[in-house]
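Structural overview for review
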Amino acid sequence: MRTRTVFIVALALLAGCATAPHQTRNVCAIFDQRDGWFNNWRRAAENTQREYGVPVPILMATVYAESGFSPYARPPRTKLLGFIPWTRPSTAYGYSQALDGTWDKYQRETGHWGARRSNFVDAIDFIGWYHEQSHLQNGIALNDAYSLYIAYYVGPKAYAQGSWRGNASLQATARRVAGMAALYANQLPECE
């Protein structure tokens with residue numbers, strides 16, 4: 001009976017780690033929902049900020065925009081003949097929506113070979129690393145949520161080429177990310 005109880009408790013704890021937080025528009029609520037010993041999102045975000053210099057609110061706003069804090073997020077499948085589920089438009093996956101090739105590059109350059117896109121600690125580190133790459137390659141300020149998000153979405157080379165300037169939808173999304181980062185920045189001092 002005791003083994004069964006331990007198993008059920010362990011299963012419940014793991015299930016809680018595999019779902020998105022409920023209150024994603026409040027960074028304090030997000031951190032409160034994920035403050036375990038092994039899975040502490042605030043500590044992970046703060047460690048990433050120290051490592052790469054990207055502020056916690058920008059890191060969290062990027063996750064919010066990319067996956068809504070869902071560990072297994074993927075782009076929706078295309079439809080064959082308008083109704084048959086078909087392929088996905090990209091290999092984006094996890095909290096960060098990192099593509100396969102970009103994730104492989106991150107693992108090679110950082111040595112984080114066991115990193116997984118469905119693990120928040122790994123995904124937030126990836127986002128910090130990627131934003132730092134945009135800073136180094138394109139001179140984007142590490143506190144410029146708008147430009148960092150555009151470079152994150154289109155890639156550093158496409159950002160430098162400026163082709164995104166004609167994409168009103170992407171610019172609107174980047175403004176929302178910047179707004180969410182500002183909201184999180186205002187909330188962060190209130191977090192316990």
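What comes next is a walk through the structure. Going along each chain's sequence as written, the residues are numbered from 1 onward. Only residues with pLDDT of at least 70 get local features here, since the model is predicted, and only at 80 or more are side-chain atom pairs given and counted; chain-wide, interface and lining totals rely on the full set of residues. To get the side-chain values, all heavy atoms of the structure are used, and hydrogens and water are removed first.

1. Side note on the overall build of the chain
Counting secondary structure elements, the chain contains nine helices and two strands. Each helix is a run of DSSP H or I of at least 4 residues and each strand a run of E of at least 2, with the numbering of both proceeding from the N terminus. Its helices and strands in sequence order give the chain the pattern α-α-α-α-β-β-α-α-α-α-α, from N to C terminus. By the compact-globule yardstick of 16 Å for 192 residues, the chain fits well, its C-alpha radius of gyration being 18 Å. A principal-axis box enclosing the C-alpha atoms of the chain has dimensions of 65 × 50 × 30 Å. Per-residue accessibility, obtained with a 1.4 Å probe over protein chains only, is compared with the maximum for each type, and a residue is labelled buried under 20%, exposed over 50%, and partly exposed between these values. When burial is assessed residue by residue, the chain has 43% of its 192 residues classed as buried. Only heavy atoms matter for contacts: two residues are in contact if any of them lie within 4.5 Å across the pair. When contacts within the chain are restricted to residue pairs at least 6 apart in sequence, long-range pairs at least 24 apart make up 51% of them. Here the chain contributes 19 positive and 14 negative side-chain charges, whose respective centroids are spaced 10 Å apart. Atoms counted for the radius of gyration: C-alpha only. Globule rule: 2.2 Å times the number of residues to the power 0.38. Neither His nor the chain ends contribute to the count of charged residues, in which Lys and Arg are positive and Asp and Glu negative. Charge placement uses NZ in Lys and CZ in Arg. For Asp and Glu, CG and CD serve respectively.

2. Focus: the packing of helix α4 (residues 56-67) against helix α9 (residues 168-187)
To define axes, lines are fitted to C-alpha atoms, for helices over the stretch in contact only, and angles between the resulting N-to-C directions are given on a 0 to 180 degree scale. Closest axis-to-axis distance for the α4/α9 pair is 8 Å, and the angle between their directions is 130°. Comparing their axes, α9 and α4 come out oblique. Like other packed secondary-structure pairs, α4 and α9 cross with a definite hand, here right-handed. On α9, the residues that touch P57, I58, M60, A61, Y64 and A65 of α4 are V177, M180, A181, Y184 and A185. Its residues assigned to classes, the contact of α4 with α9 shows eleven nonpolar, no polar and no charged. For classification purposes, an angle smaller than 35 degrees is called roughly parallel, one larger than 145 roughly antiparallel, one from 65 to 115 roughly perpendicular, and anything else oblique. It is the rotation of the near helix from the far one that decides the hand of a crossing: anticlockwise by less than a right angle makes it left-handed, clockwise makes it right-handed. Amino acid classes used here: Ala, Val, Leu, Ile, Met, Phe, Trp, Tyr, Cys and Pro are nonpolar; Asp, Glu, Lys and Arg are charged; the rest, including Gly, are polar.

3. Topic: the nonpolar core
Residues grouped as a nonpolar core are buried Ala, Val, Leu, Ile, Met, Phe, Trp, Tyr and Cys residues, joined through side-chain atoms within 4.5 Å. With 46 residues, the main nonpolar core has V27, F31, M60, F69, F120, F126 and Y184 as its most contacted residues. Elements supplying a minimum of two residues to this core: α2 (27-33), α3 (41-52), α4, α5 (100-110), α6 (120-138), α7 (145-154) and α9. Broken down by element, the residue count for this core peaks at seven residues, all from α6. Here M60 is in contact with V27, I30, F31, A45, F69, F120, I124 and Y184, once residues within four sequence places are set aside.

4. Concerning the pattern of salt bridges
Salt bridge, as used here: a side-chain nitrogen of Lys or Arg that lies within 4 Å of a carboxyl oxygen of Asp or Glu. Summed over the entire model, instances satisfying the criterion amount to three salt bridges. Between E46 and R42 there is a salt bridge, with the nearest N and O atoms lying 3.0 Å from each other. With E46 and R42 both in helix α3, this residue pair falls four residues apart, about one helical turn. Taking the relative accessible area as the measure of exposure, R42 reaches 22% and is therefore partly exposed. A salt bridge links R117 to D100; the shortest N-O distance between them is 2.8 Å. Note that R117 is positioned in the loop between α5 and α6 and D100 in helix α5, a separation of 17 residues in sequence.

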